[in-house]
Amino acid sequence: MGQTKKRNYDRYTLEFKQQAVKLANHPKVIAKDIAESLGIHPVMLYRWRMEYKNGELRENKHMKSKQVSPKRLVKRTDPLVEKEAELAKANKRIKELEQALESCTEELDLLKKAKRFFEKTKR
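Residues numbered from 1 in each chain as written. Predicted model: local features only at pLDDT ≥ 70, side-chain atom pairs only at ≥ 80, totals over all residues. Heavy atoms only, no water.

1. Some thoughts on the packing of aromatic side chains
Given two aromatic rings, their pairing is described by the distance between the two centres and the angle made by the two planes. All told, the structure shown has 4 aromatic pairs when counted by the stated rule. On the basis of an interplanar angle of 15° and a centroid distance of 5.0 Å, the ring pair of tyrosine 12 and phenylalanine 16 is categorised as stacked. Where tyrosine 12 meets tryptophan 48, the ring centres are 5.4 Å apart and the plane angle is 75°; that geometry is what we call edge-to-face. With tyrosine 12 in the segment before helix 1 (14–24) and tryptophan 48 in helix 3 (residues 42–54), the pair connects residues that are 36 residues apart, well separated along the chain. Residue tyrosine 12 is classed as buried on the basis of its relative accessible area of 17%. Residue classification places tryptophan 48 among the buried residues on the basis of a relative accessible area of 1%. (Phe/Tyr/Trp six-rings, centres within 6.5 Å; stacked < 30°, edge-to-face > 60°. Helix = DSSP H or I, 4+ residues; strand = E, 2+ residues; numbered from the N terminus. Buried < 20%, exposed > 50% of the residue type's maximum accessible area, 1.4 Å probe, protein only.)

Below, the structure written as structure tokens:
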């Protein structure tokens, strides 16, 4: 009996491999889940991680890199970076609100003192 061979192998771009490795290297993420969501075998992802670690990760020589048209280019940011930026913005807003509250409190104290002063002068 003859063996069946898969003749059309999936070839992945270097960018895809690097993105997969970055996703798999996040601390609280299981590489198996990443591989499953990307539709690749977990062993392949582990191999890419090892190659990336050793500096050997490269594009397949048969693969032509795809040129994405600028209209279809979707910039995806790292969720961790996005959350850090959001946190920094929130911290800045908190500082601004604290300064405004302090200013209002000082004004209120001054008005209370002025009220007491004018009540004494009426008598």
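Picking up after the structure, the text goes on.
2. Things to note about the packing of helix 2 (residues 31–38) against helix 3
It is the contact of helix 2 with helix 3, at a shortest axis distance of 8 Å, that shows an interaxial angle of 115°. On the basis of the axis angle, helix 2 is roughly perpendicular to helix 3. The handedness of the crossing between helix 2 and helix 3 comes out as right-handed. For the pair helix 2 and helix 3, contact is made by Ala31, Lys32, Ile34 and Ala35 and by Pro42, Leu45, Tyr46 and Arg49, respectively. (Axes fitted to C-alpha atoms, helices over the stretch in contact; angles between N-to-C directions. Parallel < 35°, antiparallel > 145°, perpendicular 65-115°, else oblique. Left-handed = near helix turned anticlockwise from the far one by under 90°. Contact = heavy atoms within 4.5 Å.)

3. A look at the packing of helix 1 against helix 2
It is at 9 Å that the axes of helix 1 and helix 2 come closest, and there the two elements cross at 145°. With respect to the hand of their crossing, helix 1 and helix 2 are arranged in right-handed fashion. On helix 2, the residues touching Phe16, Ala20, Leu23 and Ala24 of helix 1 are Ala31, Ile34 and Leu38.

4. Observations regarding a negative patch on the surface
On the surface, Asp78, Glu82, Glu84 and Glu86 cluster together into a negatively charged patch. By the secondary structure assignment, aspartate 78 is in the loop between helix 3 and helix 4 (79–122). Taking relative accessible area as the criterion, aspartate 78 reaches 30% and is therefore assigned partly exposed. (Patch = residues over 30% accessible without salt bridge, like charges linked within 9 Å, V, L, I, M, F, W, Y side chains within 5 Å. Areas by Shrake-Rupley, 256 points an atom, 1.4 Å probe, with all protein chains shown as cover. Salt bridge = Lys/Arg side-chain N within 4 Å of Asp/Glu carboxyl O. Lys, Arg positive; Asp, Glu negative; His and termini not counted. Charge placed at Lys NZ, Arg CZ, Asp CG, Glu CD.)

5. What to know about helix 1
Listed in full, the buried residues belonging to helix 1 are Lys17, Ala20, Val21 and Ala24. Mapping the buried residues of helix 1 onto a view down its axis gives an arc of 100°, with all of them on the same face. Along helix 1, exposed side chains directed more than 90 degrees from the buried face belong to Glu15 and Lys22. Looking at the buried residues of helix 1, the elements they touch are helix 2 and helix 3. (Arc of directions from axis to C-beta.)

6. Regarding the pattern of salt bridges
Within this structure, the stated rule accounts for 2 salt bridges. With a shortest N-O distance of 3.6 Å, glutamate 51 and arginine 47 are connected by a salt bridge. Of this pair, glutamate 51 and arginine 47 both sit in helix 3, 4 residues apart, roughly one helical turn. Judged by relative accessible area, arginine 47 falls into the partly exposed class, the value being 41%. One salt bridge in this structure joins glutamate 96 and arginine 93, with 3.9 Å as the shortest N-O distance. Of this pair, glutamate 96 and arginine 93 are both found in helix 4, 3 residues apart, which corresponds to roughly one turn of the helix.

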